[in-house]
Structures are given as structure tokens and as C-alpha cells.
Amino acid sequence: MAINSTFNYTKQKSMAEIAMVSTFNYHDGIEDYTNELIKHLEKIQIKVKRISISKSILKLTKEIFNSNTKLVHIQHEYSLFWIRPLGVGFLILLLFLKIARKKVIVTLHTVYPFSFFEKSIPSIYLKYPKLIIYIAKLGFLIITKLISILTDRLIVLTPLGKYILNYEYRINNISFVPYGVHQLKNIDNSSAKEKLNLRNKVVLMCFGYPYPSKGFHYAIEALDILTKIYGYNNLILLLQDTRLPHDFDKCERYMQFLKRLVSLKNLQSYVQYLPYIPEELLPYYLSAVDIFIFPYEERLSSSSALMKTLSLNKIYIVTDISAFRFLKFFRFPNVIFVRPQSPRDIARAVDEILRNYTYLINSNSNIIKLLDWKSIAYLHSKIYLESLNGIV
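So, here's what we can say about the structure. None of the values given here were measured: they were computed from a predicted structure.

1. Some details on the overall build of the protein chain
Right, on to step 1. For the protein chain, the count of helices and strands is 16 helices and twelve strands.
Right, on to step 2. For the protein chain, the residues scored as buried account for 54% of the 392 residues in total.
Right, on to step 3. The contacts in the protein chain between residues at least 6 apart in sequence include a share of 73% that link residues at least 24 apart.
Right, on to step 4. Element-wise, carbon and sulfur atoms account for 53% of the exposed surface of the protein chain, whose accessible area totals about 18700 Å².

2. Concerning the packing of helix α3 (residues 88-99) against helix α5 (residues 129-149)
Right, on to step 1. α5 packs onto α3 with a crossing angle of 15° between their chain directions and a minimal axis gap of 10 Å. With respect to α5, the axis of α3 lies roughly parallel. Once α3 is placed against α5, the crossing between them reads as left-handed. Every residue of α5 that contacts α3 at V88, F90, L91, L94 and K98 is listed here: I143, L146, I147 and I149.
Right, on to step 2. Residue composition of the contact of α3 with α5, grouped by class: eight nonpolar, no polar and one charged.

3. Thoughts on the sheet that holds strand β7 (residues 202-206)
Right, on to step 1. The strand order β9-β8-β7-β10-β11-β12 describes an open sheet built from six strands, whose pairing is parallel. One side of each edge strand has no neighbouring strand; the edge strands of this open sheet are β9 (271-274) and β12 (335-338). Strand-to-strand twist in this sheet, taken as the mean axis angle between neighbours without regard to direction, amounts to 20°.
Right, on to step 2. Relative to β9, strand β8 (residues 235-240) is paired through four bridges, and the arrangement is parallel. Bridge pairing in β9 places L238 opposite Q272.

4. Notes on the pairing of β8
Right, on to step 1. Extensive coverage of β8 is indicated by the burial of six of its six residues.
Right, on to step 2. When β7 meets β8, the two strands line up parallel, connected through five bridges. Paired with V202 across the strands is L235, a residue of β8.
Right, on to step 3. Regarding the hand of the β-α-β motif, the stretch spanning β7, helix α8 (residues 216-228) and β8 is right-handed.

Thresholds applied
Residues numbered from 1 in each chain as written. Predicted model: local features only at pLDDT ≥ 70, side-chain atom pairs only at ≥ 80, totals over all residues. Heavy atoms only, no water. Helix = DSSP H or I, 4+ residues; strand = E, 2+ residues; numbered from the N terminus. Buried < 20%, exposed > 50% of the residue type's maximum accessible area, 1.4 Å probe, protein only. Contact = heavy atoms within 4.5 Å. Areas by Shrake-Rupley, 256 points an atom, 1.4 Å probe, with all protein chains shown as cover. Axes fitted to C-alpha atoms, helices over the stretch in contact; angles between N-to-C directions. Parallel < 35°, antiparallel > 145°, perpendicular 65-115°, else oblique. Left-handed = near helix turned anticlockwise from the far one by under 90°. Nonpolar A, V, L, I, M, F, W, Y, C, P; charged D, E, K, R; others polar. Pairing = 2+ DSSP bridges. Right-handed = clockwise from strand over helix to strand, strands pointing away.

Laid out in C-alpha cells, this is it:
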């Protein structure tokens, strides 16, 4: 599905209730995405029955059948949907729904290119890497092909995901619908800093839960370079001292590693740890930021943390990885791409921004309007109607 620059949809006819299967109560990025989508679907008169992912296939299937809905929309992530072995349980669920003649839409939050296995597997399996790569490619090809056969439509969140499914997996029943941009209250930068006692500071932030693959330690190492080599003494780096409930231990270990690194580099006066931020204070913290840093090592799915901040028209330093290349596709201004795992690149980018700050700030309002959640909800409603009417 093409993304048009304007949305001139007429009011949709009333649609029967749909079932939405997602990670409710997981407190993760997929839950944030689903809640925002549901909120805007309901604003255009689409009723949604929330069904939380269960480890029991039979329990989940029974709940879907009891909902008496004609259309089921499932938010899919391989690591969640019974990946042992290769998500066979998910295929059983889809088969049950197919037999029951339910219309099924699946959003693939992650699409794996075959190159992913070639890069990651040799470092894990020292023996017979070529055989393991072949098995992994074949397994994901078969599982993804079967998902496409058992569903009416697949939705992907990035143009790269659509390209991979088209040309590597040879799958065609795909719609590209981007992740919506959250519309946050934008408070004056100086006022926000005043309220948070950050006046006269250049505020950097790694927004989101701490997790090893997010590479926040590279931002800390860049901060060390900026203070000791470039001579900046008015910087403050904000880090969220929070944990993902369903992966608490890994977040905890990584956060402790970050704190040890800050102490080792003697950067305690340049880093501020933020516990859980109340909803009413979140706009102040995000508005106080001058530069957002997303130094992820690798990520194939969209970043809900990034999408929450894009409406604020800030400057972004992001690594040049799959998850962030949609910023190039939509030609977002104020974005500097750096190499993954390169604190020096991050430090150079911050220095360049601070020397050319007013020049770099450009409006992204037209792109934000295009990616507004209302527009995303209308695109989903169009897919729902096409599926219910048998249009593939």
C-alpha cells in the first residue's frame, strides 16, 4: 500500500468489532504501539476487543473464538510467538482461525533478511556455521511463507521489511503501514529546563529502557570524549533507570554496567539517572532535550522510544541500522547517522551540532502529519474493510 501525502478518506461505514491480539500487560514497545493504534481506531468508530498473548495456544484460541469477531488482527514478534521450534504453535493458531473462516491480519514487527543469519550465526556457532545458516534461512522462509498463506494480509512497519518479504521470501500479500508518531505536548525548551533544574545545560538523552543492544554505553563513552577531549563542561546525559518487567534481570545487569562505566570514567556530574517518569512530567523531560541519541548496535524492528519523540522537532543522532533507515525514506530533517559501535562518531556529531545548532533545526511538520496516528488508523481501517470484503 502506498503512503500518500494527503488523506482524503470519507467517513467509513460502521464496522463490526475486531479482535486485537497483542502483548497487553507486557509494558513493551509492541504494547505501546497497539494501545495507540486501538485508541485511534476507536476514534473512527471501530470497536476493538483486546486479547492478550497467552503461552497456551488453546487458551488463546478459545478466547478469540469466544469474542465472536469476524476479523482478528495479531501483533507478531518471533520471540513472543512460541518460537520453540520455529513458531509452530503460532501456525496451529492460524490454522484454527483459517478453518473457522476468520479473517486474519498479522503485523510482523520484525522481518529478518537472510543476511542477518550470515552475520550473527558464525559468532554463535563455531562448528558447522554454513549448515546452521542454511537451516535457519530455510526455517524462517518456511515459517514466514506459511504465515502468509494462512493470513489474509501481512502488515510491515518499514519499506525495508516489505522489500525483504517481496524479494527474499517471495511473498506478495503485504501492506506497508508505518509506525505512527506520537503527538506529545511540546513545551518551550528553556521553560522545561527551568522546571527540571537543567538551566544552562546542553541536554542529551538516550530515551527508553536500558537494554544491551541499545548501546547506551557508547553514548557514555562519547560523553567522556566530549568532556575530556573537546572540553565541553555544560553537558548532561539523561538515562532512564527503569526496567522492562518481562526482561527485568537483563535490564538490571545492563543498568549496573552503565553505572559502573560512568564511575570508571568519572562522569557522575555529567549523567542524571531518571527513575520512572510520571506521564505528566514526560513532556517536560523530552522538551528539555537538545539532542536525542539512539546508539543501537542492531535492530530490525521499529523503536517505540524514537517514535514517541519525533513530533518534538529535535535533533537526533542515530546509528545507521535497519530500524532507523525509514528516517531516510521519509527524509526526516535534523537527523545525523553514525556508524554503530562508534563513540567517536557520536562525539563528532554532537560537536558538529553544537557548533551549527540553529542551522540544523528544520521543521518536520509535514512528515509528522503524514505519520500521525489518525492517518495510520485510517490505513488500517482500509485494510480491514478490504479483507472483510475479500479484496486481497
